[in-house]
Amino acid sequence: MFKMSKNKQGKKHIHILDGMSLYIRDKSPFYWGYLNVDGEIHKKSLKTKDKKEAEKLLFDWKNELLYSDSLNDLNEKLDMDVKDKPRVDNTRRKALMITSSLMGAVTVAGFAVPFLSAWNPSEKAKALGASVKFDLSKLEPGAMAVVEWRRTPIFVVHQTSKALENLPKLNDRVTDPVLSEGVARSTNDKFTVLKGVCTHLSCAPKYHPEIEPKAWDEQWLGGFFCPCHGSKFDLAGRVYKGVPAPTNLEVPPHKFEGDTLIIGEPT
Amino acid sequence: MASEKSTVMGWIDRRLPVTENLERHLTKHPVPKKVNFFYLFGALLMVVFMIQVVTGIWLMMFYTNTEEGAFASVEYIMRDVEYGWLMRYMHSTGASAFFFLMYFHMFRGLLYGSYQKPKELVWLFGCFLLFLLMAEGFLGYVLPWGQMSYWAANVILSLFGAIPFIGPDLQVWIQGDFVLSGITLSRFFALHVVVVPLLMIALVVFHIFALHEVGAGNPEGVDIEKYRDEKGMPLDGAPFHPYKTFGALPAIGIFFIVFFAIVFFAPTGGGYFIEKPNFEEANFLKTPEHIAPVWYYAPFYSILRAVTFGIPFLGITSKFLGFIVFAASIAILFVVPWLDRSNVQSIRYKGIYSKIAMVLFAASFITLGYLGTKPVNELRTLIAQICTVLYFAPFLLMPIYTKYEKTLKVPDRL
Ligand code: FES
């Protein structure tokens, strides 16, 4: 693989690449390295008797010379740059930098306002989000109506007396009994108004008013079951313990005016 | 040098160094002589990216980005536009292919230490690309305005709503409405076709330039830059063209065969690429019985669902904690370069713990992916929780095991 030749001085030369070779000196047991880097000649003992090892060291040495030289050059140049430059007043320069970057930041922020605000609900979207009315007189006890408000299904439940009796029994099976909100979590204790959006990940819980054992609960006393990840709520929308939904079904702002329910306006 | 030639190319080169840059970044760029098929995924990703851009532009010519029109326009593309079905199925299959290749490409990176010094930036740009790809896929999935588009988007947007204090307002701001509506749809359209693709192109450029600065890796983890011939060409390297270009051709051919087999014969991928409920128009008042993500999000969705508990005394709900863990599962990839303390790059020379860790990571990722497409029950939740731990453990323990395990000596040359 390598060319072996004896030159005039009687040294054995092993050619590796152009400008790179190993050689052996008469009085030294080690391999010596010869490098020609951009016309500069370097020689040194590689302190090893193993040819493979010597070859590797030679490559390392070459890299070292190549890279360290260019680094030194660069540093020298940089030093020169600094020395040659006339002394400047850095405080004024700094002050200028700071003020201009501050002004830049203010400008950017100013421009950002309209662009970010454009993402807010438009007037039209806000108008569509206005309140809705619902006639309660036709809702039978035990039935549930779904009213759309802000495109959210709103559950309006007409509680039966049986359900109202059962609700307190569930107080220790739910995470947050909210006794302060009243038995049916409603101001009139007959109608419960809930957002039909699971508080876990926004699915629509299904209305299951029957009092009977269910696949998800042996002692089901009626309520809502969310099919997505199995959250359970009672008829007042209170969440059971140990299900993914963290909180009770939300009660949307609403008020009663005689037989009319107004959703979207606080009491 | 090309620039001295009195040809047209020479004329251009004197004004814009086209040849020089082509040679530097493409034709003469040295790549390791010996790599395996794992190293083809990068090239294939470029191919898929181009498929997505071209088919995407054509789809955009027929698509309507309004609540009333979106679903109908997709049906119109499928039924009335000549080869419209092909464009759409190429685009949807392209999305799956994009993720498939991306996951392998990144797993290759993990196996062969393609993130180690000095390749940290290459890896970071790549992680950021994964993040953008996930965003892009999510935004794109909303556009057909099918049932699954709508409800899956609801699930994801409600995650923002779970952030304490600012959450609800943030969600309304992102949606531009009190609910997910057509307003949201049009802004997602703008993000999907302009903003994210532009960012992705920029990052791909950074990714490749950074890679060419530090040099591509190889399965042995040998540094090929060390030994160069007198022209500065690494002894263990070969110019990209023709060695790798022709090497990649058969792979691209095979990829196209598989790709079009799916496009023609199984474009919905059995409900894993395009889900059944998405052939029904979005209905605000009817949640599908079972909301499952497309396969490529399934592992992360599983992680999200596996968190069934919060930290009550810190006011952190289980939903928000789920969001944090889910975000962390992607964020942790970004810091891998600083977690690995090993003195070797490739798994081939790392110790037994690294090998176990990679197997555990891959196994948990696949299991999570499977679970993510299934409805939950107690057992599945438990398995998902275990797998979530196994997903994170290889990374979190990395600083320890990579430091103390015994590694093999890496050879000097390929
Ligand atoms: S969305 Fe209802 S349980 Fe998850």
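Before any of the text, the structure's been laid out above.
Residues numbered from 1 in each chain as written. Chains lettered and ligands numbered in written order. Predicted model: local features only at pLDDT ≥ 70, side-chain atom pairs only at ≥ 80, totals over all residues. Heavy atoms only, no water.

**So, the overall build of chain B**
Right, on to step 1. Regarding its fold elements, chain B presents 16 helices and two strands.
Right, on to step 2. The C-alpha radius of gyration of chain B comes to 23 Å, within 12% of the 22 Å expected for a compact globule of 414 residues.
Right, on to step 3. The principal-axis extent of the C-alpha atoms belonging to chain B is close to 70 × 60 × 40 Å.
Right, on to step 4. The buried share of chain B, taken over its 414 residues, is 52%. (Helix = DSSP H or I, 4+ residues; strand = E, 2+ residues; numbered from the N terminus. Rg over C-alpha atoms; globule rule 2.2 N^0.38 Å. Buried < 20%, exposed > 50% of the residue type's maximum accessible area, 1.4 Å probe, protein only.)

**So, the packing of aromatic side chains**
All names here are of chain B.
Right, on to step 1. Taken as a whole, this structure holds 48 aromatic pairs over all chains when the rule is applied.
Right, on to step 2. Between the aromatic rings of Phe99 and Tyr296, the centroid separation amounts to 4.1 Å while the plane-to-plane angle is 5 degrees, which identifies the pairing as stacked. Residue Phe99 is found in helix α5 (residues 84-111), and its partner Tyr296 is found in the loop between α10 (240-265) and α11 (298-306); the two are separated by 197 residues along the sequence. The two residues Phe99 and Tyr296 agree in class, both being buried.
Right, on to step 3. For the pair Phe255 and Phe259, a centre-to-centre distance of 5.6 Å together with 25 degrees between the ring planes defines the contact as stacked. Within this pair, Phe255 and its partner Phe259 are both found in helix α10, separated by four residues, close to a single helical turn. (Phe/Tyr/Trp six-rings, centres within 6.5 Å; stacked < 30°, edge-to-face > 60°.)

**Focus: the packing of helix α12 (residues 318-334) of chain B against helix α15 (residues 378-396) of chain B**
Residues and elements named next belong to chain B.
Right, on to step 1. Look at α12 against α15: their axes get within 11 Å of each other, and the N-to-C directions meet at 30 degrees. Crossing handedness for the pair α12 and α15: left-handed. Residues Val325, Ala328, Ser329, Ile332 and Leu333 of α12 form the contact with α15, whose participating residues are Thr388, Tyr391, Phe392, Phe395 and Leu396.
Right, on to step 2. Taken together, the residues that form the contact of α12 with α15 break down as eight nonpolar, two polar and no charged. (Axes fitted to C-alpha atoms, helices over the stretch in contact; angles between N-to-C directions. Left-handed = near helix turned anticlockwise from the far one by under 90°. Contact = heavy atoms within 4.5 Å. Nonpolar A, V, L, I, M, F, W, Y, C, P; charged D, E, K, R; others polar.)

**A short note on the pattern of salt bridges**
Residues and elements named next belong to chain A.
Right, on to step 1. Evaluation of the coordinates by the stated rule reveals 16 salt bridges over all chains.
Right, on to step 2. The salt bridge involving Asp135 is made with Lys138; its shortest N-O contact spans 3.5 Å.
Right, on to step 3. One salt bridge in this structure joins Lys214 and Glu210, with 2.5 Å as the shortest N-O distance.
Right, on to step 4. Owing to a relative accessible area of 13%, Lys214 belongs among the buried residues under this scheme.
Right, on to step 5. Taken together, the shared-partner salt bridges in this structure form one network comprising Arg173, Asp217 and Lys232. (Salt bridge = Lys/Arg side-chain N within 4 Å of Asp/Glu carboxyl O.)

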